[in-house]
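Take a look at the letters that make up each chain.
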Amino acid sequence: MESRPQLFDFHGVSMTHYVTNNWENVQNFQARPDDILIATYPKAGTTWVSYILDLLYFGRVSPERQTSLPIYKRVPFLEVAFPSLVSGTEMADKLPTRPRLIKTHLPVQFVPKSFWEQNCRIVYLARNAKDNMVSFYHFDRMNVTQPEPGDWSSFFQRFMEGKMLFGSWYDHVNGWWKKKQTHSKLHYMFYEDMIEDIGQEMDKLCSSLGLVPSAEEKRAIVVEAQFDNMKKNDMTNYSTVPCMDFKVSHFMRKGKVGDWKSHFTVAQNEAFDQDYQKKMKDPTLQFHTNI
Ligand code: PPS
């Protein structure tokens, strides 16, 4: 069992050794032109979009994957390296699928250069800061490979200061948003849009990837990827991971927009909104905190 790591400054971004241990191999990772990189700030809905992509690409051709391989083995987490386990880069190197679906939480400036050189497709999923923060808090409470969360009010402060694993939410979503202007194969999605109209978001995703699933296939994927179904499914709910204590909180916890309202005090919400306005200056990047 791994133990709680400390955060430290790594080229200007807060990181833990579990994601910097294997840095050279991460930076030298050899992407292939048909790889698909799934990039997110932690807790933005990575598993949801990963599962949808896995079903779109492989749901029909290899249905046995669905019952035998947990999602974190189908979609390796590139930068992670726990001392006792196979590293993310090794898992990705060994993936037999075409395309390879690869997960990262890296801020855009840390993405291995081969993904840009190979002009890979990238799916970025962003989630509004308030719900993202709440989800992150509960994740840090239940996962011993994450830094100690502290109490809610100190976590809240740290989030605004960007002292979270993988750094500032504000920098992450903005950095990737800017990258969209120069990397045309970057599809930027929002968690809230998926909650509001999953069919429409899947259509946009498929059209950006050049996929043409049948209406029946799409309907089946929408059902399989519903929160309640993913929560029940041991291949998607992370129940097979020993570092997570489901007695503290579930990985598939609430799956909602607006849960922040049951965590933020009125004063916290005011302070957050003021600070948010100062940090989020780009009028083209807008999030919904209610739907
Ligand atoms: S991780 O650890 O960074 O990979 O976590 P990630 O998968 O990005 O985020 C987990 C949150 O996504 C929610 N989730 C979903 N919401 C709605 N529908 C579906 N199908 C779904 N699947 C995962 C999950 O519940 C976590 O959010 P919270 O708010 O904690 O419930």
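You'll find the structure just up there.
The rules behind each value
- Residues numbered from 1 in each chain as written.
- Predicted model: local features only at pLDDT ≥ 70, side-chain atom pairs only at ≥ 80, totals over all residues.
- Heavy atoms only, no water.
- Near = heavy atom within 4 Å.
- Polar contact = N/O pair within 3.5 Å; in protein donor to acceptor, adjacent residues only side chain to side chain.
- Areas by Shrake-Rupley, 256 points an atom, 1.4 Å probe, with all protein chains shown as cover.
- Helix = DSSP H or I, 4+ residues; strand = E, 2+ residues; numbered from the N terminus.
- Core = buried A, V, L, I, M, F, W, Y, C linked by side-chain atoms within 4.5 Å.
- Buried < 20%, exposed > 50% of the residue type's maximum accessible area, 1.4 Å probe, protein only.
- Contact = heavy atoms within 4.5 Å.
- Salt bridge = Lys/Arg side-chain N within 4 Å of Asp/Glu carboxyl O.
- Phe/Tyr/Trp six-rings, centres within 6.5 Å; stacked < 30°, edge-to-face > 60°.
- Pairing = 2+ DSSP bridges.

Student: An account of the site of the ligand is needed here, citing residue identities and associated values.
Tutor: In the vicinity of the ligand lie 23 residues, with Thr46, Thr47, Ser135, Tyr191 and Lys254 positioned nearest. Within the side chain of Thr47, an N or O atom sits 2.5 Å from an oxygen atom of the ligand. Interatomic distance of 2.8 Å between a side-chain N/O atom of Arg253 and an oxygen atom of the ligand. If the ligand stood free it would expose 640 Å²; the protein chains cover 98% of that surface. Elements that contribute at least two residues to the shell around the ligand include exactly α3 (46-58), α8 (129-142), α11 (191-196) and α14 (227-232).

Student: Summarise the nonpolar core; cite the residues concerned and give the values.
Tutor: Within the largest apolar cluster, 54 residues are counted, with the highest numbers of intra-cluster contacts made by Met15, Trp176 and Tyr188. Not counting residues within four places of it along the chain, the set of residues in contact with Tyr188 comprises Tyr124, Ala126, Val173, Trp176, Trp177, Lys180, Leu285 and Phe287. Grouped together as the second largest cluster of nonpolar side chains are 36 residues, Ile52, Ile221, Met244 and Met252 included.

Student: Describe in detail helix α9 (residues 152-161), supporting the description with residues and values.
Tutor: Of all the positions in α9, only Trp152, Phe155, Phe156, Arg158, Phe159 and Met160 are classed as buried. Among the structural elements, α8, α10 (169-179) and α15 (266-279) are those in contact with the buried residues of α9. Of the residues flanking the end of α9, it is Gly162, one or two places downstream, whose phi is positive at about 80°.

Student: Give a detailed account of the pattern of salt bridges, specifying residues and quantitative values.
Tutor: Scanning the entire structure with this criterion turns up 16 salt bridges. Between Asp259 and Lys254 there is a salt bridge; the shortest N-O distance is 3.2 Å.

Student: Would you mind going over the packing of aromatic side chains in detail, with residue names and values included?
Tutor: Taken as a whole and assessed by the stated rule, the structure comprises 36 aromatic pairs. Consider the rings of Phe156 and Phe264, whose centres lie 5.4 Å apart with planes at 85°: the pair is edge-to-face. A residue pair is termed long-range when its members are at least 10 positions apart, and Phe156 in helix α9 and Phe264 in the loop between α14 and α15 qualify at 108 residues. With a relative accessible area of 2%, Phe156 lands in the buried category. Take Phe264: its relative accessible area is 9%, and that puts it in the buried class. When the centroid spacing of 5.5 Å and the interplanar angle of 70° are considered together, the rings of Trp260 and Phe264 count as edge-to-face. The exposure class of Trp260 is buried, given its relative accessible area of 8%.

Student: Quick one: what's the story with the pairing of strand β3 (residues 36-40), residue by residue and with numbers?
Tutor: Of all five residues that make up β3, five are buried, and the element is covered over most of its length. Side chains Ile36, Ile38 and Thr40 of β3 all project onto a buried face; the interleaved residues Leu37 and Ala39 project onto the opposite face, where all are buried too. Sheet topology note: the β3/strand β4 (residues 101-104) ladder contains four bridges and is parallel. From the neighbouring strand, Ile38 faces β4, where its bridge partner is Lys103.

Note that every value here comes from positions in space, so none of it alone points to a role or purpose.
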